[in-house]
Amino acid sequence: MSKKLFRRDFIGNLALTGTGIAIGVPQILKAGTTDYKPAILGGPKAHAAPFTTWPVFNATEEKGLTDVLKSRNWGRLNGNVMAAFESEYSKLTGCKHSLGVSSGTSALTTILGALEIGPGDEVIIPVYTFVATYNVVVLNYALPILVDTDIETFQMDATKVQAAITPQTKVIMPVHIGGSPVDIDVFMELGKKNNISLVEDACQAHLAEWKGKKVGNFGIAGAFSFQSSKNLNCAEGGAITTNEEAFIRTCYNFHNQGQGGRSAAYTPGVGTRGTNLRLTEFQGSLLLAQMTRLLEQSNRRWENAQYLTRLLKEIPGITPAKLYPGTTRSAYHLYMFRYDKNHFAGLSRSKFLEALSAEGVPNSVGYGQMNKDSYVTGLAKNKHYLKIYGEKTMQEWLERNQCPQNDVLTSEQSVWLFQNMLLGTKKDMEQIAEGIRKIQKYAADIAKL
Ligand SMILES: Cc1ncc(COP(=O)(O)O)c(C=O)c1O
């Protein structure tokens, strides 16, 4: 939005709400000041213009979709677009092999299927993740073991993983939450030392890097999501990356009803189970088009996020999520920070977020306590789980899943901003910080609302 529009909106706000600011004061909100009241108290919005609308598209997407339509080759078993996408995605991630599948969940399902994970096996996952990470384990009747969160980074606490490993553990599946890499070296060492497969849930982490290497390269395989909100988006879709040829062949067969190759000719010896998790040529064309701007968008998010971190670090009570030292790039699918109400006159997080929304800064509290959700605790009573593991093991499982640090983080501190908000300018970042500073200055008044 132009400066002119911004000013008009600001003046409109003043006229409507009567903030008591003297006539003649320049009608522009100065960055770095808290001269004006928060919007929730009738002041001007810190960020009056909308953030970048997501998804972004242009004629490239339109042409790609129309070309597939006219080709009449709409499925991957007929056309060449998905194969072209896979070749480009391998180049982009630096992984030897990629396979497009119908979602990030399908990518994880296929990987666990290819690893032959099943009843009696344990899979270690973080408690702080989207429920899909948990669901793919349970769909295989394996036991998901939930590990606590490193409150400083919002990531799975690598130092707590060893204690969660048992002779039944077959996979460690860390998640690069928010698009920031977990402490990858420690996870790789854990996998090697215990002879357990490492699978990266990189569903939020397109182009994230650890020591200059893209995520999706560190375990036996990486899983990516292309669901609507993701940094690379085709409405619903996903991909598997791996550097093992035999593994991608097993994954291909699993996602294609156990059959290898376009001709559906059976390739013996690569798996004993399968389903249909294929992606369509339409989505392949959308992904190829979206990839033409992924790098530029990723650079922009990275630069804006780093600037925002510098600004927010100066505000007492606001602590941006730290990146582990090996991180050379976060995808910043989410911008995560901690809120400490003690620096905001005791203002609750929910009131703080309401005030932040009023400033024109969309936000969320993010994930909660999955280990305490009845959807998850109910597994202890699932008839198949009782049959496979027995009552005692399932009761102990509830105990094993206690995550005290995650409780602290999610019940009062965690805040998310979203990737599209990082696609704008430095000014947007300044206005986000400005909104928070205004709220801080007037926190006691907001608390009374
Ligand atoms: C960490 C994580 N894992 C898995 C998934 C599942 O991906 P999809 O929604 O494409 O199935 C998501 C999607 O939000 C995710 O954030």
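Residues numbered from 1 in each chain as written. Predicted model: local features only at pLDDT ≥ 70, side-chain atom pairs only at ≥ 80, totals over all residues.

Draft legend 1. Quick look at the sheet that holds strand β6 (residues 169–172). What the seven strands build is an open sheet, ordered β1-β11-β10-β7-β6-β2-β3; its pairing is mixed. If you trace the sheet from one side to the other, it starts and ends with β1 (97–101) and β3 (143–147), each paired once. Averaged over all neighbouring strand pairs, the angle between strand axes comes to 25°, with direction disregarded. Two strands pair when backbone bridges link them, and strand β2 (residues 122–126) and β6 are joined in this way by three bridges, in the parallel orientation. Within the sheet, the bridge partner assigned to Val123 lies in β6 and is Val171. Running at roughly 15° to β1, helix α7 (residues 245–255) makes contact with β1, β10 (221–225) and β11 (238–242) of the sheet. (Pairing = 2+ DSSP bridges. Helix = DSSP H or I, 4+ residues; strand = E, 2+ residues; numbered from the N terminus. Axes fitted to C-alpha atoms, helices over the stretch in contact; angles between N-to-C directions. Contact = placed C-beta atoms within 7 Å.)

Draft legend 2. Quick look at the site of the ligand. Close to the ligand lie 14 residues; Ser103, Gly104, Thr105, Cys203 and Ser225 are nearest. Elements that contribute at least two residues to the shell around the ligand include exactly α4 (104–114) and α5 (132–138). (Near = placed C-beta within 6 Å.)

Draft legend 3. Quick peek at the nonpolar core. Judged by nonpolar contacts, the single largest core of 111 residues is most densely connected at Ile111, Val123, Ala223, Ile240 and Cys251. When residues of this core are assigned to their parent elements, the largest contribution, seven residues, is made by helix α8 (residues 281–313). (Core = buried A, V, L, I, M, F, W, Y, C linked by C-beta atoms within 7 Å. Buried ≥ 20, exposed ≤ 12 C-beta atoms within 10 Å, placed from the backbone.)

Draft legend 4. Representation of the packing of helix α2 (residues 59–71) against α8 in the model. Axis separation between α2 and α8 bottoms out at 9 Å; the angle between their running directions is 155°. In terms of their interaxial angle, α2 and α8 are classed as roughly antiparallel. Crossing handedness for the pair α2 and α8: right-handed. Here Thr60, Glu61, Gly64, Leu65, Asp67 and Val68 of α2 lie close against α8, whose contacting residues are Glu281, Phe282, Ser285, Leu286, Leu288, Ala289 and Thr292. Of the residues assigned to the contact of α2 with α8, the class counts are six nonpolar, four polar and three charged. (Parallel < 35°, antiparallel > 145°, perpendicular 65-115°, else oblique. Left-handed = near helix turned anticlockwise from the far one by under 90°. Nonpolar A, V, L, I, M, F, W, Y, C, P; charged D, E, K, R; others polar.)

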